[in-house]
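# Structural description and commentary
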Amino acid sequence: MSNEHSMRRVTAIRNGTVIDHIPQGHAMTVLEMLGINDKTSVPVSLVMNVPSKKMGSKDIIKVEDRELTQGELDRLALVAPDAHVAIIRAYTVAEKMTINLGAEVVNVVRCTMSNCITSNPREPLPHRLKVMSRDPLQLRCHYCGRTQNLVELVKNVI
Amino acid sequence: MSGLITMDDLTNEEIIAILDDAERLLPVAKGELYLPLLQGRILGNLFFEPSTRTRMSFETAMKRLGGDVVNLGDVKTSSVVKGETLFDTIQMVDGYTDIIAMRHPRQGAAQYAQDSARVPILNGGDGAGHHPTQTMLDLFTIRQAHGRLDGLKVVLAGDLRYGRTVHSLSHALTRFDCELVFASPDLLRMPRDIVSDLEAHGAKITETEDLYSMMKDADVIYMTRIQKERFSDEDEYAKVAGAYKLHANDLNDVKANMIIMHPLPRVDEIHPSVDATRHARYFEQAFNGVVARMALLCKLLGVSVPKNVEKEGSAF
């Protein structure tokens, strides 16, 4: 088996977006955060547990015929802050994008405290969590002040 | 500043200045002088949870300063029961009033209200979160007794898990380099994220279940009620109810100027025999709620408290 053959587990895409270096086991969450589900009509390839020199193991997602926006990518900062994103046009990398984790995450996840005022779905103000630490990732709810980590937050993706 | 949601909204200098204002306002709070600094201003009292002292002392504070108060009244008969969001309620009261005092069962409600309102919000308690106006009256009481806030040894006892008064007070005392002792049953220990936060700010903390051994060199013992209403499981409550019962006989070896405080209401954690001792300060503490809130209302409404209140005020 040639090197190229072993690396290319999914065929190259003509147009679309490739998200590489997703932490192992987080690809499904990334799909969820991007709103990609069984209603999605464009082809989507998902590879999990691929050996990676840098990460040990990683996940990869390829979305055909859809170019993700910077806003969509920034939502991924919580689960895949170091992912590499490439926009593909005519089989070549047309653009490389990075994911930015800002000082605050707005309307990406809900606070995990069950008694937080934001747990009432009818309250209209945005869900706001401040980034307190990047490594390990820790966020604090702007309203109730509860500090929470990724394991807790992943279940609360909006 | 917009409102007072947590003690982080005030610098140490601002805290001291507000306590100074409060001290000058004492004769007005006692009804010995009339000083209508807030005439024409309206306070909206929004208490979504039961309150006796906080609500009444806000009302008294506003009225002593010549202002007026509108009340949400019983939540059961307001629009809240019809499903109105907090956001909508605030939009309405914001239009009726110049400042809002609010208590709400959900944590973060005060910040949420502040983000929804143009007028300042005074947080009168949000779930098990913060209660900064209580902290201001607590600090006033401590300074009144000891002449300072810095470097005191303060024992906080009882329900440290759900007790919002002790959460806010611990943060404030840490900023004044006080030594803290947290005495509670294991089930009601101070939340870990609060302890980490306090330690990150340089707090000196001792945690224990044994209140009585920690009393000897304390400057302040701050008792709290074990709050039945915060327990969903009756059996869990039964395990910790009555964990501490302070009696006058327990006070033989304490410092002469040590004070015992309690945010009230008490159940059985302070025996009535303590009331007659020189250590009991909880009723003065409750009165101090008026004067501390008078100073806060002035501060948030941008009204200066005159340096010479005796001269500016008029006798009845």
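Residues numbered from 1 in each chain as written. Chains lettered and ligands numbered in written order. Predicted model: local features only at pLDDT ≥ 70, side-chain atom pairs only at ≥ 80, totals over all residues.

### Some remarks on the interface of chain A and chain B
Going by this rule: Working definition of a contact: two residues with C-beta atoms, positioned from the backbone, lying within 7 Å. In this classification, Asp, Glu, Lys and Arg are treated as charged, Ala, Val, Leu, Ile, Met, Phe, Trp, Tyr, Cys and Pro as nonpolar, and every other residue, Gly included, as polar.
Listed per partner, the contact involves 16 residues of chain A and 14 residues of chain B. Per-class residue counts for the side of chain A that touches chain B are 8 nonpolar, 6 polar and 2 charged.

### Brief notes about the pairing of strand β5 (residues 153-157) of chain B
Residue and element names in this part refer to chain B. Selection criterion: Three exposure classes are used, all based on how many other C-beta atoms lie within 10 Å of a residue's own C-beta (placed from the backbone): buried at 20 or more, exposed at 12 or fewer, and partly exposed between those limits. The helix count covers DSSP runs of H or I at least four residues long, the strand count covers runs of E at least two residues long, and both are numbered beginning at the N terminus. Only strands that DSSP links by at least two bridges are regarded as paired with each other. Looking down the strands as they point away from you, a crossover is right-handed if its path from the first strand over the helix to the second goes clockwise.
Burial within β5 is extensive, with 4 of its 5 residues counted as buried. Direction of pairing for β5 relative to strand β6 (residues 179-183): parallel, over a ladder of 5 bridges. Each residue of the ladder has a partner; that of V155, found in β6, is V181. Assessed by its sense of winding, the connection that carries the chain from β5 through helix α7 (residues 164-175) to β6 is right-handed. Two elements, β5 and strand β8 (residues 220-223), share 4 bridges in a ladder whose sense is parallel.

### So, the domain arrangement of chain A
Residues and elements named next belong to chain A. As a reminder, the rule being used: Domain extents, as shown, originate in an automatic or database domain assignment.
Under the domain assignment, chain A is made up of domain 1 (3-97) and domain 2 (104-156). For domain 1 versus domain 2, the distance between C-alpha centres works out to 26 Å. With 4 residues of domain 1 at the contact, the number on the domain 2 side is 7 residues. Residue composition of the side of domain 1 that touches domain 2, by class: 2 nonpolar, 1 polar and 1 charged.

### With respect to the packing of helix α6 (residues 132-146) of chain B against α7(B)
All names here are of chain B. Here is the rule we go by: Axis angles are defined between N-to-C directions and span 0 to 180 degrees, where every axis is a line fitted to C-alpha atoms and, for a helix, only to the segment in contact. Just so you know how the angles are binned, under 35 degrees is roughly parallel, over 145 roughly antiparallel, 65 to 115 roughly perpendicular, and the rest oblique. Here a crossing is called left-handed whenever its near helix is offset anticlockwise from the far helix by less than a right angle, and right-handed whenever the offset is clockwise.
Direction vectors running N to C along α6 and α7 enclose 55 degrees, while the axes themselves pass 8 Å from each other. Our classification of the angle between α6 and α7 gives oblique. The element α6 and its partner α7 pack so that their crossing is right-handed. Where α6 approaches α7, its residues P132, Q134, T135, D138 and L139 are matched on the opposing element by T165, S168, L169 and A172. In the contact of α6 with α7, the residues fall into 4 nonpolar, 4 polar and 1 charged.

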